[in-house]
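Spelled out, the chains give:
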Amino acid sequence: MSISRVRAGILAAGIAALLLHFPTEVARHVLSLVPHQLSTPFELENLASLAPGTVSEFTPRDSDESVWKAVLTRVFGMALIGVPVWYFLQRREREEELQRLDKGWAARLHARSEELMAVNDALVSEVSKRIDTEQSLEANRRDLRLLASQLLRLQEEERRRISRDLHDDINQRLALLSIDIEMLERQLSHAAVGTVRTIRSIQDRIVELSEGVRRLAYQFHPSILDDLGLSIALRRLIDDFQARTGLDARFISKDIPQHLAQDVVTCLYRVTQEGLANITRHARASTVQVELMRVRDGLQLMIRDDGVGFDMNHDGGRRGSLGLLSMKERVSLVAGSFTIDSTPGEGTRICAWVPFKQERA
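The present account deals with the structure reproduced in this document.

The rules behind each value
- The residue numbering used here restarts from 1 in each chain and proceeds along that chain's sequence as written.
- In keeping with the predicted nature of the model, local features appear solely for residues at pLDDT of at least 70, side-chain atom pairs appear and are counted solely at 80 or more, and the whole-chain, interface and lining totals rest on all residues.
- Values shown for side chains rest on all heavy atoms present in the structure; no hydrogens or waters enter the calculation.
- Exposure above 30% relative accessible area and the absence of a salt bridge qualify a residue for a patch, where like charges join within 9 Å and nonpolar side chains (Val, Leu, Ile, Met, Phe, Trp, Tyr) within 5 Å.
- For every accessible area listed, the method is Shrake-Rupley and the probe measures 1.4 Å; residues are considered covered only by the protein chains on display.
- Salt bridges are identified by distance alone: a Lys or Arg side-chain nitrogen within 4 Å of an Asp or Glu carboxyl oxygen.
- Numbering of helices and strands runs from the N terminus, with a helix taken as a DSSP run of H or I at least four residues long and a strand as a DSSP run of E at least two residues long.
- Categorising residues by exposure relies on relative accessible area from a 1.4 Å probe, with only protein chains included: less than 20% of the type maximum marks a residue as buried, more than 50% marks it as exposed, and the intermediate range marks it as partly exposed.
- By definition in these notes, contact holds between two residues if any of their heavy atoms fall within 4.5 Å.
- What a helix is expected to span follows from its residue count: subtract one and scale by 1.5 Å.
- Our arc is simply the arc of the directions from the helix axis toward the C-beta atoms.

## As for a nonpolar patch on the surface
In step 1: A surface patch of nonpolar side chains, amounting to about 550 Å² of accessible area, comprises L80, I81, V85, F88 and L89.
In step 2: Along the polypeptide, L89 turns up in helix α4 (residues 64–187).
In step 3: Judged by relative accessible area, which is 49%, L89 ranks as partly exposed.

Listed below in structure tokens is the structure:
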């Protein structure tokens, strides 16, 4: 292809582009200028060489209209062919770019999906292990509660047996021994004064020992708790506490049934016993008040003192002591609730509530 043809092709392509993008009036103005630019002999010769079949000869005197028609014919022909080809090439290039992007996103999505699946599997495994651990811990808690319940029940049975043995066996033997010594004293009424005094001293010590055994048997398991009920047993416990410590101790009882379940009676009595023991050891109180009353569908036991109290939020506080833990465990074993409120310098309040259960008379 000659240089003139290349120039003509470039010129035609440029004219086509201008005609496609410019408005109608602008295109007409451009067309009015083009024939004057193509009216040189050199350009006319190039146009003649590009279209030999349609243009035979061009001279400066030829009509501008015929020259312009030939140019427009070639320009529109090239535009009709070139524009679809250009659009097709551009579209194909965009589609290839989209395909490359799709492949990249697909690869990234696949990698991310694999990562998420791995993380999900790890989470599922971790959750399964945690659920198994929680179930195992819950089973261990149930076993420990059952064991604690059985231990407390066995402890109460052992205390009851020891109390019965102390009261019915050892204390009776001491009573018989005291009677024998008294008979011996009568038989030796004419003996020396020192001998009689020694016999009386032995008898007094035997009586003291019998009283100590009786108190010990009462501490292990008061028979009054089984014979006369919870209210009378607690009143007797408060009276003994006041006589032993010298503190102002009061007991209030309201609307208490006569026949209660044995585990409820034992629980409330032991909580009161342990609470009074803690007051004696730690509280340095001057007054103590114990209330037992019927609240909702249960029995509520409240123990108040005006002692030194303690800090509930402190790690070394007495809230974690063995006595308080044993009280809380006893109440929980009968499906009750246990709370402690204490402030330094303002005393302590212990509240235990157990569901109401009665036994048939």
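Still to come is the rest of the account.
## Comments concerning the environment of A233
In step 1: Residue position: A233 is located in helix α7 (residues 230–245).
In step 2: Residue class for A233 comes out buried when judged on its relative accessible area of 0%.
In step 3: C-alpha of A233 to C-alpha of P222: the two residues are eleven residues apart in sequence and 7.7 Å apart in space.
In step 4: Those residues within four positions of A233 in sequence are excluded, and the remaining contacts are Y218, I224, L225 and Y269.

## What about helix α9 (residues 322–333)?
In step 1: Over its twelve residues, α9 runs 16 Å from end to end, which matches the ideal 16 Å to within 8%, given 1.5 Å per residue.
In step 2: Along α9, the residues classified as buried are G323, L324, M327, R330 and V331. The buried residues of α9 occupy an angular sector of 125° when the element is viewed end-on, so they sit on one face.
In step 3: Just downstream of α9 lies A335, where phi reads positive at about 65°.

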